[in-house]
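Here are the chains, one letter per residue:
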Amino acid sequence: RDRSTAVEALFGRKFFTDELSHLGSKDAAMQMQGMWGIEIAEMHNMNRADANQAKEFITRTIDRFRPPYGTSVIDCPRSCVLVGTMNPTGQGYLKDSTGGRRFLPVYCRRVDLTAIKTYRDQLWAEARHYYNMDEKWWFTQEEQEMISVEQEARTETDPWETLVADYHVGRMSTTMDEILDHLEVQVAQRTLRDSMRVGHILKKQGWERKRKSGGQSYYVR
C-alpha cells in the first residue's frame, strides 16, 4: 500500500485518484478531469487486449466525450500524470516492445513517505524553476538507451523466442514454413495466429520480411 500512499503524497490528496474505469471509456475520461496524479494499480493484470487499449489511452493528448446530460461532445486536453504500480513478480508486464516504449519503468526499493511529504513542495518548485529556465526536460540519446534496456527487461517473453533464435544461429535467411517445421507445428494445424506470432518474434530479433518475384515471402537478417 506504500506505493499508492507515496503517489498520493507526491501529488496531493485533492488532486489524486486511484479510481479509474475501463481504459478508453467515457467514464475514465470524466474521472480524469481535475486530477493531477492518477494511479493505475496492478499493471501486470492487463491482458493483451487491455494492453492495446492502454497503449492508445496513455498516448492520447485530448479526451473527447459527451458529459452526462450534455448536448455536445467536449474536448479536454490532458493535464495529468498516469502512474502504473505493481508488486514485482519476476515476469514481464509490458506486452510488446512497441507499446513498451510508452512506459518509463522504475524499480522502487524503498518508499520514504516522510521525506516525500516533507520535501514535496520543494521538489515541484525546483522542477518548475528549471523548466522556466529552459532546462532540457526530454531524454538524451544516452538516457533513452538506458531506458530501452529497462523496458526490454520488463517485456513479456514468448516461449518460442529462444527456439527461434537457436534455430537461426549461422543462418542469413529463412521462411515461415521452415520455422514452423522446427517448432513442430503440424501443417494441418497451422493458423494465421501462429504465423503472426512467429513474425512478431522475427521482427523483434532483427529479421526483415522480403518477397520473391513469384510472391513467396521469406526473411533475412
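For the structure itself, consult the block above.
Residues numbered from 1 in each chain as written. Predicted model: local features only at pLDDT ≥ 70, side-chain atom pairs only at ≥ 80, totals over all residues. Heavy atoms only, no water.

**Details of the side chain of aspartate 194**
Within the fold, aspartate 194 resides in helix 9 (residues 192-204). Buried aspartate 194, no salt bridge; nearest opposite-charge side chain is arginine 197, N-O distance 5.2 Å. When residues no more than four places from it in sequence are discounted, the contact partners of aspartate 194 are Trp160, Leu180, Val185 and Gln189. (Helix = DSSP H or I, 4+ residues; strand = E, 2+ residues; numbered from the N terminus. Buried < 20%, exposed > 50% of the residue type's maximum accessible area, 1.4 Å probe, protein only. Lys, Arg positive; Asp, Glu negative; His and termini not counted. Salt bridge = Lys/Arg side-chain N within 4 Å of Asp/Glu carboxyl O. Contact = heavy atoms within 4.5 Å.)

**Considering the packing of aromatic side chains**
Tallied over the full model, the rule gives four aromatic pairs. Ring geometry for phenylalanine 11 and tryptophan 36: centres 5.2 Å apart, planes at 80 degrees, overall edge-to-face. Placement of the pair is phenylalanine 11 in helix 1 (residues 2-11) and tryptophan 36 in the loop between helix 2 (26-31) and strand 2 (37-41), with a sequence separation of 25 residues. The exposure class of phenylalanine 11 is buried, given its relative accessible area of 4%. A ring pair is formed by tryptophan 137 and tryptophan 138, whose centres lie 5.5 Å apart and whose planes are at 85 degrees; its orientation type is edge-to-face. Counting every residue linked through ring pairs, the aromatic cluster contains Phe11, Trp36 and Trp124. For arginine 78, the ring lying beneath its charged end belongs to phenylalanine 57, and the centroid distance is 4.6 Å. For the cation-ring pair, arginine 197 lies above tryptophan 160, with the distance from its terminal atom to the ring centre recorded as 3.7 Å. (Phe/Tyr/Trp six-rings, centres within 6.5 Å; stacked < 30°, edge-to-face > 60°. Lys NZ or Arg CZ within 6 Å of the ring centre and 35° of its normal.)

**A word on the nonpolar core**
Trp160, Val164, Ile179, Leu180, Leu183, Val198 and Leu202 are the most contacted members of the largest nonpolar core, which has 13 residues in total. Broken down by secondary-structure element, the contributors of at least two residues to this core are helix 7 (160-167), helix 8 (176-182) and helix 9. Setting aside its immediate chain neighbours within four residues, leucine 202 contacts Val164, His168, Ile179, Trp207 and Tyr219. Counting residues in each nonpolar core, the second largest holds nine residues, with Leu23, Met32, Ile40 and Ala54 among its members. (Core = buried A, V, L, I, M, F, W, Y, C linked by side-chain atoms within 4.5 Å.)

**A short note on the packing of helix 7 against helix 9**
One way to put it is that helix 7 packs onto helix 9 with a least axis distance of 10 Å and a crossing angle of 65 degrees. Crossing of helix 7 against helix 9: the hand is right-handed. Where helix 7 abuts helix 9, its residues Trp160, Glu161 and Val164 lie against Asp194, Arg197, Val198, Ile201, Leu202 and Lys204. Within the contact of helix 7 with helix 9, the residues separate by chemical class into five nonpolar, no polar and four charged. (Axes fitted to C-alpha atoms, helices over the stretch in contact; angles between N-to-C directions. Left-handed = near helix turned anticlockwise from the far one by under 90°. Nonpolar A, V, L, I, M, F, W, Y, C, P; charged D, E, K, R; others polar.)

**Overview of the pattern of salt bridges**
In a structure, side chains of opposite charge can pair up when their charged atoms sit close to one another. On inspection of all chains with the given rule, the structure shows twelve salt bridges. Residues aspartate 121 and arginine 120 are paired through a salt bridge, measuring 3.3 Å at the closest nitrogen-oxygen approach. Here aspartate 121 falls in the exposed class, since its relative accessible area comes to 54%. Between aspartate 181 and arginine 190 there is a salt bridge, with the nearest N and O atoms lying 2.3 Å from each other. A residue is classified by how much of its surface remains accessible, and aspartate 181, at 47% relative accessible area, is partly exposed. Here the salt bridges do not stand alone but share partners, grouping Glu152, Glu161 and Lys204 into one network.

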